[in-house]
Amino acid sequence: KVSYANGLVCFIGAAFDFPPTIATYSLLSQKKCESIRCSISTDLSKFQGYLSIPETIKYPTANNRYAFANYYPPTNKDYDGKKDACIGLAKPPLLVKIHGGP
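On a predicted model such as this, the values are computed, not experimentally measured, just so you know.

Engineer: Describe in detail the overall build of the protein, supporting the description with residues and values.
Structural biologist: Tallying secondary structure elements over the protein gives zero helices and six strands in all. Ordered by position from the N terminus, the helices and strands of the protein form the series β-β-β-β-β-β. For the protein, with 102 residues in total, the buried portion stands at 12%. The long-range fraction of contacts in the protein, counting pairs at least 24 apart against all pairs at least 6 apart in sequence, stands at 15%. About 9000 Å² of surface is accessible on the protein, with carbon and sulfur atoms providing 57% of the total.

Engineer: Tell me about the environment of Lys58, residues and numbers included.
Structural biologist: Locating Lys58 in the fold gives a position in strand 5 (residues 55-60). Residue classification places Lys58 among the exposed positions, given a relative accessible area of 52%. C-alpha separation for the pair Lys58 and Ala69, spaced eleven residues apart in sequence, amounts to 6.5 Å. When sequence neighbours within four positions are dropped, the list of residues in contact with Lys58 reads Tyr66, Ala67 and Phe68.

Engineer: Tell me about the environment of Gln30, and please be specific about residues and values.
Structural biologist: Its location among the elements puts Gln30 in the loop between strand 3 (18-26) and strand 4 (34-38). Overall, Gln30 belongs to the exposed group, its relative accessible area being 58%. C-alpha separation for the pair Gln30 and Gly7, spaced 23 residues apart in sequence, amounts to 9.7 Å.

Engineer: Mind laying out the packing of aromatic side chains, listing which residues take part and the relevant values?
Structural biologist: Evaluated as defined, the whole model comprises zero aromatic pairs. Over the face of the ring belonging to Tyr66 we find Lys58, whose NZ or CZ atom lies 4.2 Å from the ring centre.

Engineer: Break down a nonpolar patch on the surface for me, citing the residues and quoting the values.
Structural biologist: Side chains of Phe16, Ile53 and Tyr72 sit close together on the surface and give an oily, nonpolar patch of about 310 Å² of accessible area. By secondary structure assignment, the location of Tyr72 is in the segment after strand 6 (66-71).

Engineer: Let's hear about the pairing of strand 6: which residues, and what values?
Structural biologist: In the sheet, strand 5 pairs with strand 6 via six bridges, with the strands oriented antiparallel. Bridge pairing in strand 6 places Tyr59 opposite Ala67. Linking strand 5 to strand 6, which pair antiparallel, is a turn of five residues; within it Asn63 sits at a positive phi near 55 degrees.

Parameters at a glance
- Residues numbered from 1 in each chain as written.
- Predicted model: local features only at pLDDT ≥ 70, side-chain atom pairs only at ≥ 80, totals over all residues.
- Heavy atoms only, no water.
- Helix = DSSP H or I, 4+ residues; strand = E, 2+ residues; numbered from the N terminus.
- Buried < 20%, exposed > 50% of the residue type's maximum accessible area, 1.4 Å probe, protein only.
- Contact = heavy atoms within 4.5 Å.
- Areas by Shrake-Rupley, 256 points an atom, 1.4 Å probe, with all protein chains shown as cover.
- Phe/Tyr/Trp six-rings, centres within 6.5 Å; stacked < 30°, edge-to-face > 60°.
- Lys NZ or Arg CZ within 6 Å of the ring centre and 35° of its normal.
- Patch = residues over 30% accessible without salt bridge, like charges linked within 9 Å, V, L, I, M, F, W, Y side chains within 5 Å.
- Salt bridge = Lys/Arg side-chain N within 4 Å of Asp/Glu carboxyl O.
- Pairing = 2+ DSSP bridges.

See the structure below:
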């Protein structure tokens, strides 16, 4: 949800390397976003080796147009690629999230 009043936009935002936070942005001064309250600690160092860094990909669609996506490659410093005896997988599971866009 985004709220707007007196040139100030308030929203909940996040990034691959920053947890969800309530933030503000001034449309008038166009200053850097200010974090008001974060959902968890912003120290993500303990998750180093588990957080995937997204890569933007472009792929063709109908009528010579293109669509764009963020690809998050599997990232797990504890995963060794050996076949799991319990579930029989040699590859990590794939998680796909889509939205109705735009």
